[in-house]
Amino acid sequence: MKLFIGYILPEQHYQFLDVLRDAARENLSEGYSSLVHCQKEYTFHSTLLYLGDVQPEEKPNLNDAIARVAQRHAPVKVRLDKVCLLSNQKDNAVVVATSLEFNQALYDLLADLQKEIKPESMKDGKCTTAFHVTLMKKIKGHVSEDRLCVADAVLRHHPIEFIIDNMGLCRLRMKGQSQFSELAHYKLSDADGCTASGICNL
């Protein structure tokens with residue numbers, strides 16, 4: 001099964017993120033109507049660490065490793081204030097909301113996750129290079145960065161701030177299912193209601 005460690009944004013931000021996505025879509029080249037992430041059930045999230053294929057028997061050790069990291073880190077304040085292209089491959093451009101400033105606390109959390117999780121659980125794994133929330137992807141045709149100026153201006157004037165106080169171990173969707181399912185939930189150390197293990201299996 002293909003797994004990743006991610007953070008699901010609070011739903012209170014979804015309406016504004018939809019506005020950003022619409023602003024970007026209106027200024028893109030032809031082909032934007034084929035975007036796969038315009039479905040209503042889409043959940044805005046950030047992938048913190050992609051693990052790739054993980055065998056079921058490895059999941060208990062993985063749970064323990066993520067819980068240890070969660071216990072060592074306090075919640076992290078994050079700010080989204082820029083809209084840009086993360087990737088602009090032909091017929092597969094990715095538009096994201098990200099942060100202009102380097103976040104040391106978040107970097108430390110990601111580095112600790114990568115260090116703690118054993119290599120055998122990360123055959124295809126990689127840490128995110130920059131914290132971001134995907135607005136749209138799989139856009140047909142070439143996308144120019146300047147076509148995102150309207151959405152970028154909106155976010156710069158009205159940045160989104162939130163606190164990452166938990167992480168989820170998530171499984172990528174299978175055919176006929178929603179985009180992903182959360183298998184386990186981990187609270188960071190001084191988050192309210194944190195248990196000794198930090199794990200809440202779903």
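Each remark here, short or long, concerns the structure printed above.
Cut-offs used in this document
- Here the residue index of a chain counts from 1 through its sequence in written order.
- Only residues with pLDDT of at least 70 are given local features in this predicted model, and only at 80 or more are side-chain atom pairs given and counted; all residues enter the totals for whole chains, interfaces and linings.
- Note that water and hydrogens are dropped before the side-chain values are worked out from all heavy atoms of the structure.
- Only protein chains enter the accessibility calculation, which uses a 1.4 Å probe; a residue is then buried when its area is under 20% of its type maximum, exposed when over 50%, and partly exposed in between.
- Only DSSP runs of H or I reaching four residues or more are called helices, and only runs of E reaching two or more are called strands; each is numbered from the N terminus.
- A pair of strands is labelled paired if DSSP reports no fewer than 2 bridges between them.
- A fitted line through C-alpha atoms serves as each axis, taken over the contacting stretch for helices, and the angle formed by two N-to-C directions is quoted from 0 to 180°.
- Should an angle fall under 35 degrees it is called roughly parallel, over 145 degrees roughly antiparallel, and 65 to 115 degrees roughly perpendicular, with every other angle called oblique.
- Throughout, a crossing is termed right-handed when the near helix is turned clockwise from the far one, and left-handed when it is turned anticlockwise from it by less than a right angle.
- The criterion used for residue contact is that any of the two residues' heavy atoms lie within 4.5 Å.
- When residue character is reported, Ala, Val, Leu, Ile, Met, Phe, Trp, Tyr, Cys and Pro are called nonpolar, Asp, Glu, Lys and Arg charged, and the others, Gly included, polar.
- The directions from the helix axis to the C-beta atoms form the arc being described.
- Think of it this way: a Phe, Tyr or Trp ring, Trp meaning its six-membered ring, pairs with another when their centres are within 6.5 Å, and the plane angle makes it stacked under 30 degrees, edge-to-face over 60, tilted otherwise.

Explain the pairing of strand β3 (residues 76–80) here, please?
Each regular strand displays side chains that alternate between the two surfaces of the sheet. Side chains Val76, Val78 and Leu80 of β3 all project onto a buried face; the interleaved residues Lys77 and Arg79 project onto a face where none is buried. As paired strands, β3 and strand β8 (residues 160–164) are joined by five bridges and run antiparallel to one another. Each bridged residue has a counterpart across the sheet, and for arginine 79 the counterpart in β8 is glutamate 161.

Got a minute to help me understand the packing of helix α1 (residues 14–26) against helix α4 (residues 149–157) in this structure?
Helix-helix packing is characterised by the crossing angle of the two axes and by the distance between the axes. Closest axis-to-axis distance for the α1/α4 pair is 7 Å, and the angle between their directions is 150°. Comparing the axis directions of α1 and α4 gives the class roughly antiparallel. The crossing of α1 and α4 is right-handed. Residues Phe16, Leu20, Ala23 and Ala24 of α1 pack against Val150, Ala151, Val154 and Leu155 of α4. Looking at the contact of α1 with α4, its residues break down into eight nonpolar, no polar and no charged.

Please clarify how the packing of helix α2 (residues 59–72) against helix α3 (residues 104–116) should be interpreted in this entry.
Running from N to C, α2 and α3 point in directions that differ by 150°, and their axes come no closer than 9 Å. In terms of their interaxial angle, α2 and α3 are classed as roughly antiparallel. Classified by chirality, the crossing of α3 by α2 is right-handed. On the side of α2, the interface is formed by Ala65, Ile66, Arg68, Val69 and Arg72, while α3 contributes Leu109, Asp112, Leu113 and Glu116. The residue inventory of the contact of α2 with α3, partitioned by class, reads five nonpolar, no polar and four charged.

Please explain α4 as it appears in this structure.
Three- or four-residue spacings in an α-helix give side chains the same orientation, since the helix completes a turn every 3.6 residues. Buried within α4 we find Ala151, Asp152 and Leu155. One side of α4 holds all its buried residues, which, seen down the axis, span an arc of 100°.

How should I be thinking about the packing of aromatic side chains in this particular structure?
Geometrically, a pair of aromatic rings is defined through the distance of the ring centres and the angle of the planes. Within this structure, the stated rule accounts for five aromatic pairs. Pairing phenylalanine 4 with phenylalanine 180 gives two aromatic rings, centres 5.6 Å apart and planes at 80°, and the pair type is edge-to-face. Of this pair, phenylalanine 4 sits in strand β1 (residues 2–8) while phenylalanine 180 sits in strand β10 (residues 180–187); the two residues are 176 residues apart in sequence, bridging distant segments of the chain. Per residue, the accessibility class of phenylalanine 4 equals that of phenylalanine 180, and both read buried. Where phenylalanine 102 meets tyrosine 107, the ring centres are 5.6 Å apart and the plane angle is 50°; that geometry is what we call tilted. Accessibility expressed as a relative area gives 47% for tyrosine 107, which makes it partly exposed.

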